[in-house]
Amino acid sequence: MLTGKQLTYTLLSTATFFFPTLVRAEAITNAYPAEVVQSFMQECTEKSGKKQVCACVLDRIQDEYDLEQFSKLEKKYRATGKIPKEVKKFMFGCVASNLANN
C-alpha cells in the first residue's frame, strides 16, 4: 500500500490521465462514454493503486469539462507528457480527501 507521499508522487509523476466511476450520490454533469471511463480508471488505478482517488478525480473532471474539453486536455497531456494544471487541482483535492478519510 502506498503512503500519502508516495501516492501523491505517483499520481503527479506517472503517465496517468484517463477512468468506471464509483457510485456517488449526485449525478455527474458530463457523463463520458463507458470506454473513456474504463480507460481512465484502468490506467489510473494501475499507476496509483487507489480506485477511490481515481474515481474522485474523474468525477470532478466530468463535473467541470464536457467530453470535447476533456479530449483537449488528454491531447495536451499526450503531447507534453505532463498532467495539465486543470487536472492537478482535482488530483490534489482527491488525494487530500482520501488521506483524511483513512
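Everything that follows concerns the structure shown earlier in this document.
Residues numbered from 1 in each chain as written. Predicted model: local features only at pLDDT ≥ 70, side-chain atom pairs only at ≥ 80, totals over all residues. Heavy atoms only, no water.

Chemist: Even after reading the chapter, I still don't get the nonpolar core, so can you show me in this structure?
Modeler: Side chains that are nonpolar tend, in soluble globular proteins, to be buried together. If you look at the biggest cluster of nonpolar residues, it comprises 22 residues, and the most contacted ones within it are Tyr32, Phe40, Val57, Ile61, Tyr65 and Val87. The set of elements that each furnish at least two residues to this core consists of helix H2 (34–48), helix H3 (51–64), helix H4 (67–80) and helix H5 (85–101). The element that contributes the greatest number of residues to this core is H3, accounting for 7 residues. (Core = buried A, V, L, I, M, F, W, Y, C linked by side-chain atoms within 4.5 Å. Buried < 20%, exposed > 50% of the residue type's maximum accessible area, 1.4 Å probe, protein only. Helix = DSSP H or I, 4+ residues; strand = E, 2+ residues; numbered from the N terminus.)

Chemist: Just checking my understanding: could you explain H3 for this structure?
Modeler: Since the α-helix advances by 3.6 residues per turn, residues separated by three or four positions end up pointing in the same direction. Over its 14 residues, H3 runs 20 Å from end to end, which matches the ideal 20 Å to within 8%, given 1.5 Å per residue. Considered for burial, the residues of H3 that qualify are Val53, Cys54, Ala55, Cys56, Val57, Leu58, Asp59, Ile61 and Gln62. (Expected span 1.5 Å × (residues − 1).)

Chemist: When you look at the packing of H2 against H3 in this model, what are you seeing that I'm missing?
Modeler: Describing two packed helices takes the angle between their axes plus the distance from one axis to the other. H3 packs onto H2 with a crossing angle of 140° between their chain directions and a minimal axis gap of 9 Å. Taken as axis vectors, H2 and H3 run oblique relative to one another. Crossing geometry of H2 relative to H3 is assigned as right-handed. Of H3, the residues touching H2 (which contributes Val37, Phe40, Met41, Cys44, Thr45 and Ser48) are Lys51, Cys54, Ala55, Val57, Leu58, Ile61 and Gln62. Class assignment of the residues belonging to the contact of H2 with H3 gives a composition of 9 nonpolar, 3 polar and 1 charged. (Axes fitted to C-alpha atoms, helices over the stretch in contact; angles between N-to-C directions. Parallel < 35°, antiparallel > 145°, perpendicular 65-115°, else oblique. Left-handed = near helix turned anticlockwise from the far one by under 90°. Contact = heavy atoms within 4.5 Å. Nonpolar A, V, L, I, M, F, W, Y, C, P; charged D, E, K, R; others polar.)

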